[in-house]
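Fold and contact review
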Amino acid sequence: MTNPFLAPSTLPYGLPDFAAITDEHYLPAFEAGMAEQRAEIEAIVASGEPTFANTIEALELSGRTLDRVSRVFFSRAGADTTPRIEEVRAAVAPILAAHADEISLDPRLFGRISAVHADREGLDPESKRLVERYFTDAVRAGAQLGEAEQERLKALNAELSSLSTTFSTRLLGGANAAAVHVHDVAELDGMSPGAISAAAAAASSRGHGSGFLLTLVLPTGQPVLGSLTDRDLRREVFEASVGRGASGDFDTRDVVVRITALRAERARLLGYPTHAAYVIEDSTAGSVDAVAAMLADLAPPAMRNADEEAAELAETAGHVLEPWDWTFTAEQVRRERFEVDAAVLRQYLELESVLEHGVFHAAEELYGIQLHPRHDLVGYHPDVRFWEVFDADGTPLGLFGGDYYARESKRGGAWMNALVGQSFLLDERPVVMNTLNITKPAEGEPTLLTIDEVRTLFHEFGHALHGLFSAVRYPTFSGTSVPRDFVEFPSQVNEMWLERPEILGRYAKHWETGELLPAPLLEKLLASRSYGEGFRTTEYLAASLLDQAWHTLTVDDQVTDVLEFEAEALRKAGIAHPLIPPRYRSTYFNHVFAGGYSAGYYSYIWSEVLDADTVQWFEENGGLRRENGDRFRRELLSRGGAVDAMEAYRNFRGRNPEIRPLLERRNLT
């Protein structure tokens, strides 16, 4: 068997050859890749007196096969998994953790890194920073621990890796099992014809002989709750959402308890009081106290705003308001106060128009780039498509891929990942993907979006631009390889363009008639954008504070009841609103138990401080102008992790960020 991963792809930009890759290629490629890198490490430690070239740069050049297979495999595992992929993921998770430990805890290698680190002053700035990154990462990985402590650390890392895979697998299965099957179309009153057709298609594709299937998205709030008039069905959908992971075959509570206990033990082993202290030390926030102070300051005004909104909604509803009534009643208020009907608005938000004339056009205007479809390139699923990206002078930049539709084999949420990272050292240009979970319409019908889905398209493309504009030498610093509480900043800035009249006026066209969004409706939409901030801020802060509560546990803290712990944590934080559950509850909090955001979910609002301050800068400097885009790209998007994140921000803004624009945006003043 010829394994496509064992040599670089010959396709444009090194795009993986998905037409040749099968599920049976992954495990042998992982094994070959790890063996290859072990041999490379042996060559490094035997290469004489340590230098930057024979140690640090050699490490950057190592592991190319393992990198190729890992990028593709974990992209597939999240976006289009199969039973075989799940088997391989369960098998390789602890092996990969052990492999990483074998390298980071090798005393011979750490000795060489330390020697180069001690003599780094003559290096150029990016090379010097790379040495410092390797040294810091090795220390944080346990390189200075004793032999017994390192053995325990390896065991912890292996088990945590396996548990993360278990959580993700159960979460996907639980979400699919919790989808609500409706038999009578009358119960779907309020949903658009297109949404009803999509629900019928979902029921058919998942093996139901008839009826309609209301599938679940990852967050607590389900978009369908804004349109269903049937309160009983709204309640059923809401309870299916908040109940995920708390019963049956897909119960994740034991995994949550075990993961947090092991993370606490690992933190203590590494010299930190808690997992949060370990994570946040290596971020722009710097300390748990800094994060706690910000969240504590924001919670009271958010709750006050939420209470005011709840009182207004109860009056509108005319009955006792329940959590499953909130989105529906808020939509009524939005229609009455701002005359913005979400169902009508969707007719003007068609996926292809939003992409081509909104998301892409804004980037073309701001940065001068061009995106050309590449219909000849194939992805891991028929829904995946690619565009070739060219710079303003016609220079090829890389490839952009989009995988927009939800399916049973895809985990919930939206994300960006790089199939190939940019690096001058490796002579590689980026191949980046955006993955979303938009409900696929029935055959022949348009894909009509909610305004939140439009926002997600702009947000994720902001991440893609961060990857595409990367201009660094070393792969360690490529693209979005920045602190967790900085990585959301560029993507959140990119959201600003969706509401700019000169952009919105291009993409918001009626899918049948081509009529532009009427000016009065546009004005009402812009006027309504701050409505509901109490709800949005409260549900987000609740999830962030819950993440912190789990990850500030010490090894002496024992949790026996996940839901009881969650309720008490929210109460103590002053964010336990009876009508607003956290955006993610513990049992389906994929970001922190199967993603890379443990103790870091606060990052979105921490980054939003920078985002709001930057949006103000754009507005003060004329908005959508090439000069502005070029400056943002040069000082921030192109630098990746090659410079200190806050130093890059100060170089761009000319000062430290101010919080006032964020407080005004979220009505928290």
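Described below are features of the structure shown in this document. Computed from a predicted model, the values in this text were never measured in an experiment.

What follows covers the pairing of strand E4 (residues 385–390). The buried count for E4 comes to five of six residues, which makes it a mostly enclosed element. Relative to E4, strand E3 (residues 370–373) runs antiparallel, the two being bridged by four bridges. Bridged to Pro373 within E4 is Trp387. Relative to strand E5 (residues 396–405), E4 runs antiparallel, the two being bridged by six bridges. Looking across to E5, one finds that Val389 is bridged to Gly398. Linking two consecutive strands that pair antiparallel, namely E4 and E5, is a turn of five residues; a positive phi of about 90° is found at Gly394 within it.

Turning to helix H24 (residues 626–637), a few remarks are in order. With 12 residues, H24 extends just 14 Å between its outermost C-alpha atoms, more than 12% less than the 16 Å of an ideal straight helix rising 1.5 Å per residue. All of the buried residues in H24 are Asn628, Gly629, Phe632, Arg633, Glu635, Leu636 and Leu637. Tucked inside the fold, the buried residues of H24 contact helix H15 (351–367), E5, helix H16 (451–468), helix H17 (484–494), helix H23 (603–620) and helix H25 (645–653).

The next point concerns the packing of aromatic side chains. Tallied over the entire structure, the rule returns 39 aromatic pairs. For the ring pair Trp550 and Phe565, a centre distance of 4.2 Å and an interplane angle of 40° mean the geometry is tilted. Here the residue Trp550 occupies a position in helix H20 (residues 533–551), and Phe565 occupies one in helix H21 (residues 562–572), the gap between them amounting to 15 residues. Each member of the pair, Trp550 as well as Phe565, carries the same accessibility label: buried. Feature note: the residues Phe486, Phe489, Trp497, Trp617, Phe618, Phe632, Tyr649 and Phe652 constitute an aromatic cluster, connected by ring pairs. Between Arg234 and the ring centre of Phe328, over which it is positioned, the NZ or CZ distance is 4.3 Å.

Right, let's get into the side chain of Gln222. Structurally, Gln222 can be placed in the loop between strand E2 (212–214) and helix H9 (231–242). Reaching out from Gln222, the side chain makes a polar contact with the backbone oxygen of Pro219 at a distance of 2.8 Å. Sequence-distant contacts of Gln222, that is, excluding residues within four places in its chain, are made with Thr215, Leu216, Val217, Val237, Ser241 and Arg244.

Moving on: the packing of H15 against H16. At their nearest, the axes of H15 and H16 sit 11 Å apart, and the two run at 40° to each other. With respect to H16, the element H15 is oriented oblique. Here H15 runs over H16; the crossing is right-handed. Counted together, Leu351, Val354, Leu355, Gly358, Val359, Phe360, Ala362, Ala363 and Tyr367 of H15 and Val454, Leu457, Phe458, Phe461 and Leu465 of H16 form the full contact between these two elements. Considering only residue class, the contact of H15 with H16 consists of 13 nonpolar, one polar and no charged.

Moving on, we get to unusual backbone geometry. Even without glycine at this site, Glu339 takes up a positive phi of about 55°. As for its placement among the helices and strands, Glu339 is situated in the loop between helix H13 (326–338) and helix H14 (342–346). Given the relative accessible area of 53%, Glu339 is considered exposed. With a phi close to 60°, Ala599 is a non-glycine residue in the positive phi region. Within the secondary structure, Ala599 is located in the loop between helix H22 (590–593) and H23. Judged by its relative accessible area of 0%, Ala599 falls in the buried class.

We now examine the sheet that holds strand E7 (residues 431–438). Taken in spatial order, the five strands line up as E3-E4-E5-E7-E6 in an open sheet, and their pairing is mixed. Both edges of this open sheet fall to E3 and strand E6 (415–420), since each of them pairs with a single strand only. This sheet shows a mean twist of 30° between the axes of neighbouring strands, independent of strand direction. With six bridges connecting them, E5 and E7 associate as parallel partners. Counted as the bridge partner of Gly402 is Asn434 from E7. With respect to the sheet, helix H3 (residues 64–79) is in contact with E5, E6 and E7, its orientation differing from that of E6 by roughly 150°.

Here we take up helix H1 (residues 26–45). Side chains of residues three or four places apart in an α-helix project in the same direction, reflecting 3.6 residues per turn. Its 20 residues give H1 an end-to-end C-alpha distance of 29 Å, which sits within 8% of 28 Å, the value for a rise of 1.5 Å per residue. Residues of H1 that are buried include every one of Tyr26, Ala29, Phe30, Gly33, Met34, Gln37, Ile41, Ile44 and Val45, and no others. The buried residues of H1 occupy an angular sector of 135° when the element is viewed end-on, so they sit on one face. In this structure, the buried residues of H1 make contact with helix H2 (52–61), H3, helix H4 (83–104) and helix H5 (107–118).

Taking burial as the measure, the eight residues of E7 include eight buried ones, the bulk of the element. Side-chain alternation along E7 places Val431, Met433, Thr435 and Asn437 on one buried face and Val432, Asn434, Leu436 and Ile438 on a second face that is also buried. Relative to E7, E6 runs antiparallel, the two sharing five bridges. What sits directly across from Val420, in E7, is Val431.

Cut-offs used in this document
- Numbers given for residues are sequential positions, taken from 1 along each chain in its written order.
- Under the rules for a predicted model, residues below a pLDDT of 70 receive no local features and side-chain atom pairs below 80 are neither given nor counted, while totals for whole chains, interfaces and linings still include all residues.
- The side-chain numbers reported here are obtained from all heavy atoms of the structure, hydrogens and water having been left aside.
- Accessibility here uses a 1.4 Å probe with only protein chains present; expressed as a share of the type maximum, an area under 20% marks a residue as buried, one over 50% as exposed, and anything in between as partly exposed.
- Every helix listed is a DSSP run of H or I at least four residues long, and every strand listed is a run of E at least two residues long, numbered separately from the N terminus.
- Two strands qualify as a pair provided DSSP detects at least 2 bridges between them.
- Given the number of residues in a helix, its expected span is that number minus one, multiplied by 1.5 Å.
- Contacts were defined at the residue level, with two residues in contact if any of their heavy atoms lie within 4.5 Å.
- Within 6.5 Å between ring centres, the rings of Phe, Tyr and Trp (the latter by its six-membered ring) count as paired, and their orientation is classed by plane angle as stacked under 30 degrees, edge-to-face over 60, tilted in between.
- Charge over a ring is defined by NZ of Lys or CZ of Arg lying within 6 Å of the ring centre and within 35 degrees of the ring normal.
- Side-chain atoms alone can form a polar contact between residues adjacent in sequence; in general such a contact is a pair of N or O atoms within 3.5 Å, and within protein one must be able to donate a hydrogen while the other accepts it.
- For helices, the fitted line uses only the C-alpha atoms of the stretch in contact; every axis is such a line through C-alpha atoms, and the angle between N-to-C directions lies from 0 to 180 degrees.
- Between 65 and 115 degrees an angle is taken as roughly perpendicular, under 35 as roughly parallel, over 145 as roughly antiparallel, and anywhere else as oblique.
- A clockwise turn of the near helix away from the far one marks a right-handed crossing, whereas an anticlockwise turn of less than a right angle marks a left-handed crossing.
- Amino acids are sorted into nonpolar (Ala, Val, Leu, Ile, Met, Phe, Trp, Tyr, Cys and Pro), charged (Asp, Glu, Lys and Arg) and polar (every other residue, Gly among them).
- Directions pointing from the helix axis toward each C-beta atom define the arc.

None of this, on its own, says anything about what the molecule does.
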